[in-house]
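Geometric and topological summary
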Amino acid sequence: APAASVDPSAHFEKMGTLAAIAFGVGATDLHMENVIAATDGPIPIDLETLLGTEIQGPMENAYDVARQFLNESPLGTGVLPLGVQVSGGGELEI
């Protein structure tokens, strides 16, 4: 079916379900290039990080703290968009 026939609210509900499951199993790297938007729902591909393992290291600076915070949240799955302010007033979506 053409993409226009897909109910957007149902698609985003299924994306939310994918985000919850991915967070539950510790998956990472499910950004827009690793999830196909199909008519039946999102299809994750490139699943080498499906069952994530966290490598713990010393927290030496603010970057380490921020990285750990993001990795331990649903944002760490990569399914949810995250905008970061960059110098010059722009925003970068990661």
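Below is a summary of the structure that appears in this document.

Some remarks on unusual backbone geometry
Phi is positive for Asp 29, which is not a glycine, with a value near 70 degrees. Secondary-structure assignment places Asp 29 in the loop between helix 1 (8-25) and strand 1 (35-38). For Asp 46, which is not glycine, the phi dihedral falls at a positive 55 degrees. Counting through the fold element by element, Asp 46 comes out in the loop between strand 2 (41-44) and helix 2 (62-71).

Structural notes on the environment of Val 86
Mapping Val 86 onto the fold places it in the loop between strand 3 (83-85) and strand 4 (91-93). Each residue touching Val 86, except ones within four places of it in the same chain, is listed here: Glu 91 and Leu 92.

Here we look at the pairing of strand 2
Pairing analysis gives four bridges linking strand 1 to strand 2, with the strands arranged antiparallel. From the neighbouring strand, Val 35 faces strand 2, where its bridge partner is Pro 44. Two successive antiparallel strands, strand 1 and strand 2, enclose a turn made up of two residues.

Examining the side chain of Asn 34
Residue position: Asn 34 is located in the loop between helix 1 and strand 1. Note on Asn 34: relative accessible area 5%, which makes it buried. Dropping the residues within four chain positions of it, Asn 34 is found in contact with Asp 29, Ile 43, Pro 44, Ile 45 and Asp 46.

Points about a nonpolar patch on the surface
Taken together, the side chains of Ile 21, Val 25, Leu 47, Leu 50 and Leu 51 define a hydrophobic patch exposed on the protein surface, amounting to about 450 Å² of accessible area. Within the secondary structure, Leu 51 is located in the loop between strand 2 and helix 2.

Definitions and limits used
Residues numbered from 1 in each chain as written. Predicted model: local features only at pLDDT ≥ 70, side-chain atom pairs only at ≥ 80, totals over all residues. Heavy atoms only, no water. Helix = DSSP H or I, 4+ residues; strand = E, 2+ residues; numbered from the N terminus. Contact = heavy atoms within 4.5 Å. Pairing = 2+ DSSP bridges. Buried < 20%, exposed > 50% of the residue type's maximum accessible area, 1.4 Å probe, protein only. Patch = residues over 30% accessible without salt bridge, like charges linked within 9 Å, V, L, I, M, F, W, Y side chains within 5 Å. Areas by Shrake-Rupley, 256 points an atom, 1.4 Å probe, with all protein chains shown as cover. Salt bridge = Lys/Arg side-chain N within 4 Å of Asp/Glu carboxyl O.

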